Amino acid sequence: MTYSGAVRVGGPADVHELTDLMISKVAVGEMNNNAYLLRCRATGEQLLIDAAAEAPTLLRLVGADSVASVVTTHRHGDHWQALAEVVAATGATTYAGRHDAEGIPVPTDVALDDGDTLRVGAVTLTARHLAGHTPGSVALVYDDPHGAPHAFTGDCLFPGGVGNTRKDPEAFARLLHDVETKLFDVLPDETWVYPGHGHDTTLGAERPHLPEWRERGW
């Protein structure tokens, strides 16, 4: 079946099958958070992005092969409600942005800085620090050698705009700057964007609206 990225809480995962990586997206919790399970097709190693809620759902998604690592995109509580239970069940290594780690109650094993790389099996992901929604939000970028890049943006980029900066003009300016310089300026329009809530998008679909976002201030 063709991947759409449209998922609902209580519904099945949607699976995006790439040449080297399988991406399973599931919606969990009262705030309809997205969690993403990345599986290296060569080795079977798995990485989970945002153990947001509903640990039993996430552990069923992980399956018998377990998960080697869990990345928390940022410190907001709706993105780590199931983290402690998932880590206890799997022994996974935890990752988070350096400037958000102190706000996550489960200890962070590896603090991520801008440009750091992490691996899931034979696949390499690059962390991009995007400040403004929180001090230490991170996106993960997979530059697929067989096709377009894939960006897991947490709550920093959605269809229709950047993440909530609570009417703080400085935070908004910082987030828009980071999203523009670290995503839009260096990645092609075909880049697939997987946000922390809701539907997926592409950089090409959002790029024409950057001046509009800057003008409206959110």
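Refer to the structure presented above.
Anyway, here's the lowdown on the structure attached to this text. The structure displayed is predicted, hence computed values, not measured ones.

Let's shift gears to the overall build of the protein. Broken down by element type, the protein carries five helices and 15 strands. Seen through its principal axes, the protein has C-alpha atoms that stretch 50 × 35 × 30 Å. The 218 residues of the protein split such that 54% are buried. Taking as baseline every contact in the protein between residues at least 6 positions apart, the subset at least 24 positions apart corresponds to 51%. Roughly 9500 Å² of accessible area belongs to the protein as shown, and the carbon and sulfur atoms make up 51% of that amount. Treating the 16 positive side-chain charges of the protein as one cloud and the 30 negative ones as another, the clouds have centres 1 Å apart.

With that settled, consider the environment of Val138. With respect to the helices and strands, the residue Val138 is situated in strand 10 (residues 138–142). A residue is classified by how much of its surface remains accessible, and Val138, at 2% relative accessible area, is buried. Separated by 64 residues in the primary sequence, Val138 and His74 place their C-alpha atoms 6.7 Å from one another. Excluding residues that lie within four positions of it along the chain, Val138 makes contacts with Thr72, Thr73, Gly97, Leu112, Arg128, His129 and Phe152.

Turning our attention to the sheet that holds strand 10. Within the open sheet, the six strands sit side by side as 8-9-10-11-14-15. Their pairing is mixed. If you trace the sheet from one side to the other, it starts and ends with strand 8 (117–120) and strand 15 (201–202), each paired once. By the bridge criterion, three bridges tie strand 10 to strand 11 (residues 150–154) in an arrangement that is antiparallel. Each bridged residue has a counterpart across the sheet, and for Val141 the counterpart in strand 11 is Ala151.

Taken as a whole and judged by the stated rule, the model has twelve salt bridges. Close ionic contact of Asp100 with Arg75 constitutes a salt bridge, the shortest N to O distance being 3.1 Å. Of this pair, Asp100 sits in the loop between strand 6 (93–97) and strand 7 (110–112) while Arg75 sits in the loop between strand 5 (69–72) and helix 2 (83–90), and the two are 25 residues apart along the sequence. Using a relative accessible area of 0% as the deciding quantity, one classes Asp100 as buried. Among the ionic pairs, Glu102 bridges to Arg75, the shortest N-O distance being 3.9 Å. Linking Glu102 in the loop between strand 6 and strand 7 with Arg75 in the loop between strand 5 and helix 2, this pair joins segments that are 27 residues apart in sequence. Glu102 gets classed as exposed once you look at its relative accessible area, which sits at 72%. Linked by salt bridges that have partners in common, Arg75, Asp100 and Glu102 make up one network.

Glancing now at helix 2. Every buried residue of helix 2 is accounted for by Leu83, Val86, Val87 and Thr90. An end-on view of helix 2 places all buried positions within 95 degrees of arc, on one side of the element. Set apart from the buried face of helix 2 by more than 90 degrees, the exposed residues are Ala88 and Ala89. Gly91 lies just past helix 2 and shows a positive phi near 70 degrees.

Of the pairings in the sheet, the one linking strand 11 to strand 14 (residues 192–195) comprises four bridges and is parallel in character. By the bridge assignment for strand 14, Phe152 is matched with Tyr194. One ladder, built from two bridges, connects strand 14 with strand 15; its direction is antiparallel. Bridge assignment links Val193 to a residue of strand 15, and that residue is Thr201.

Our next topic: the side chain of Asp14. Mapped onto the elements, Asp14 comes out in strand 1 (residues 14–17). No salt bridge is formed by the buried Asp14; its nearest oppositely charged neighbour, Lys25, is found at 7.2 Å. At a separation of 2.9 Å, a polar atom in the side chain of Asp14 contacts the main-chain amide nitrogen of Ser4. Within the structure, Asp14 has its side chain in polar contact with the backbone nitrogen of Gly5 (distance 2.8 Å).

Parameters and conventions
Residues numbered from 1 in each chain as written. Predicted model: local features only at pLDDT ≥ 70, side-chain atom pairs only at ≥ 80, totals over all residues. Heavy atoms only, no water. Helix = DSSP H or I, 4+ residues; strand = E, 2+ residues; numbered from the N terminus. Buried < 20%, exposed > 50% of the residue type's maximum accessible area, 1.4 Å probe, protein only. Contact = heavy atoms within 4.5 Å. Areas by Shrake-Rupley, 256 points an atom, 1.4 Å probe, with all protein chains shown as cover. Lys, Arg positive; Asp, Glu negative; His and termini not counted. Charge placed at Lys NZ, Arg CZ, Asp CG, Glu CD. Pairing = 2+ DSSP bridges. Salt bridge = Lys/Arg side-chain N within 4 Å of Asp/Glu carboxyl O. Arc of directions from axis to C-beta. Polar contact = N/O pair within 3.5 Å; in protein donor to acceptor, adjacent residues only side chain to side chain.

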